[in-house]
Amino acid sequence: MRHLHLIALGAALSAAAAPAAYAGAFFETAGVAIGGYDPVAYFNQHSATPGLAAITAAYQGSSFRFANAADRDLFVANPAKYAPQYHGFCTFAVAEGAKAPSNPAAFRIVGGKLYLQYSDAVSRQFDQSPAKFLQAAETNWPVVQNKPLEK
């Protein structure tokens, strides 16, 4: 049932969101990963912070934006530490065996890794049993990463 709810939410977001086109490995909106949010700020400021178009770095073919040059430099030095897991797709959806878009403001850091979710409501569901969802997502990701985005 949760999966059907997630698909319905995904359809609504797909209709309202900017077109997603992928230059690289990560979920991108308007040509940038994480919707243009700074991946380092999630860790250092514990918030979703918009990046600047003038401060960017590429990782696995995707463009990331940063709020400042220091964050960009930290990312360039260790991108795997800061990049979102499951290439920025919704972690909860991956745990359910699907690929769905994520909302940069709906995030969790668990075990020093960044996980994005579809929405705050989905994040609250994730919070009920993060270990269970992360275990399922790890198991599902090898297959899910090759699936098309749920629409």
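What counts and what doesn't
Numbers given for residues are sequential positions, taken from 1 along each chain in its written order. Predicted model: local features are reported for residues with pLDDT of at least 70 only, side-chain atom pairs are reported and counted for 80 or more only, and whole-chain, interface and lining totals are derived from all residues. To get the side-chain values, all heavy atoms of the structure are used, and hydrogens and water are removed first. Here a helix means four or more residues in a row that DSSP labels H or I, a strand means two or more in a row labelled E, and each is numbered from the N terminus. Residue burial is assigned from relative accessible area. The probe radius is 1.4 Å, only protein chains are included, and a residue is buried under 20% of its type maximum, exposed over 50%, and partly exposed in between. Pairs of residues are marked as contacts when any of their non-hydrogen atoms sit within 4.5 Å. Within this scheme, the nonpolar core is defined by two criteria: the residues are buried Ala, Val, Leu, Ile, Met, Phe, Trp, Tyr or Cys, and they are joined through side-chain atoms within 4.5 Å. Centre distance within 6.5 Å is the pairing criterion for rings of Phe, Tyr and Trp, where only the six-membered ring of Trp is used; planes under 30 degrees apart are then read as stacked, over 60 as edge-to-face, and the remainder as tilted. Throughout this description, the term charge over a ring refers to an Arg CZ or Lys NZ atom that lies within 6 Å of the ring centre and within 35 degrees of the ring normal. Pairing between two strands is assigned when DSSP locates at least 2 bridges connecting them.

Chemist: Tell me about the overall build of the protein, and please be specific about residues and values.
Modeler: Of regular secondary structure, the protein possesses seven helices and six strands. Ordered by position from N to C terminus, the α and β elements of the protein give α-β-β-α-β-β-α-α-α-β-β-α-α. For the protein, with 151 residues in total, the buried portion stands at 42%. Within the protein, residue pairs in contact and separated by at least 24 positions form 61% of the contacts whose partners lie at least 6 positions apart.

Chemist: Before we move on, could you go through the nonpolar core and cite the residues and values that matter?
Modeler: Core analysis: the biggest nonpolar cluster contains 19 residues, and Tyr86, Cys90, Phe92, Val94 and Trp141 have the highest contact counts within it. When neighbours within four sequence positions are excluded, Cys90 is seen to be in contact with Ala100, Pro101, Ser102, Leu116, Gln117, Tyr118 and Val122. Core analysis: the next-biggest nonpolar cluster, separate from the first, contains 17 residues, Tyr59, Phe75, Tyr82 and Leu116 among them.

Chemist: Before we move on, can you summarise the environment of Asp73 with the specific residues and values?
Modeler: Tracing the backbone through its elements, the reader meets Asp73 in helix H3 (residues 69–77). Under the relative-accessibility criterion, Asp73 is labelled partly exposed at 44%. Sequence separation of Asp73 and Thr56 is 17 residues, and the distance between their C-alpha atoms is 9.8 Å.

Chemist: Could you give an account of the packing of aromatic side chains, with specific residues and numbers?
Modeler: Under the defined criterion, the tally for this structure stands at 15 aromatic pairs. A ring pair is formed by Phe26 and Tyr59, whose centres lie 5.8 Å apart and whose planes are at 40°; its orientation type is tilted. One end of the pair, Phe26, is in the loop between helix H1 (2–16) and strand S1 (28–29); the other, Tyr59, is in strand S3 (residues 52–59), and 33 residues separate them in sequence. Overall, the relative accessible area of 2% leaves Phe26 in the buried class. Note on Phe89 and Trp141: the rings are 6.5 Å apart at their centroids and 40° apart in plane angle, and the pair reads as tilted. Remark: Trp141 occurs in helix H7 (residues 130–144) and Phe89 occurs in the loop between helix H4 (79–82) and helix H5 (91–95); sequence separation between them is 52 residues. Judged by relative accessible area, which is 4%, Phe89 ranks as buried. Here the aromatic residues Phe27, Tyr86, Phe89, Phe92, Tyr115, Phe126, Phe133 and Trp141 are joined through ring pairs into a cluster of three or more. Here the basic side chain of Lys99 rests over the ring of Phe89, its NZ or CZ set 4.8 Å away from the ring centre. For the cation-ring pair, Lys132 lies above Phe133, with the distance from its terminal atom to the ring centre recorded as 4.9 Å.

Chemist: Quick one: what's the story with the environment of Gly31, residue by residue and with numbers?
Modeler: Structurally, Gly31 is set in the loop between S1 and strand S2 (32–33). Along the sequence, Gly31 and Phe64 sit 33 residues apart, while their C-alpha atoms lie 9.4 Å from each other.

Chemist: Requested: an account of the pairing of strand S5 (residues 103–110), with residues and values cited.
Modeler: Looking at chain direction, S5 and strand S6 (residues 113–117) are connected through five bridges and run antiparallel. Across the sheet, Asn103 pairs through a bridge with Gln117, a residue of S6. The turn linking S5 back onto S6 is made up of two residues, and Gly111 within it adopts a positive phi angle of 60°.

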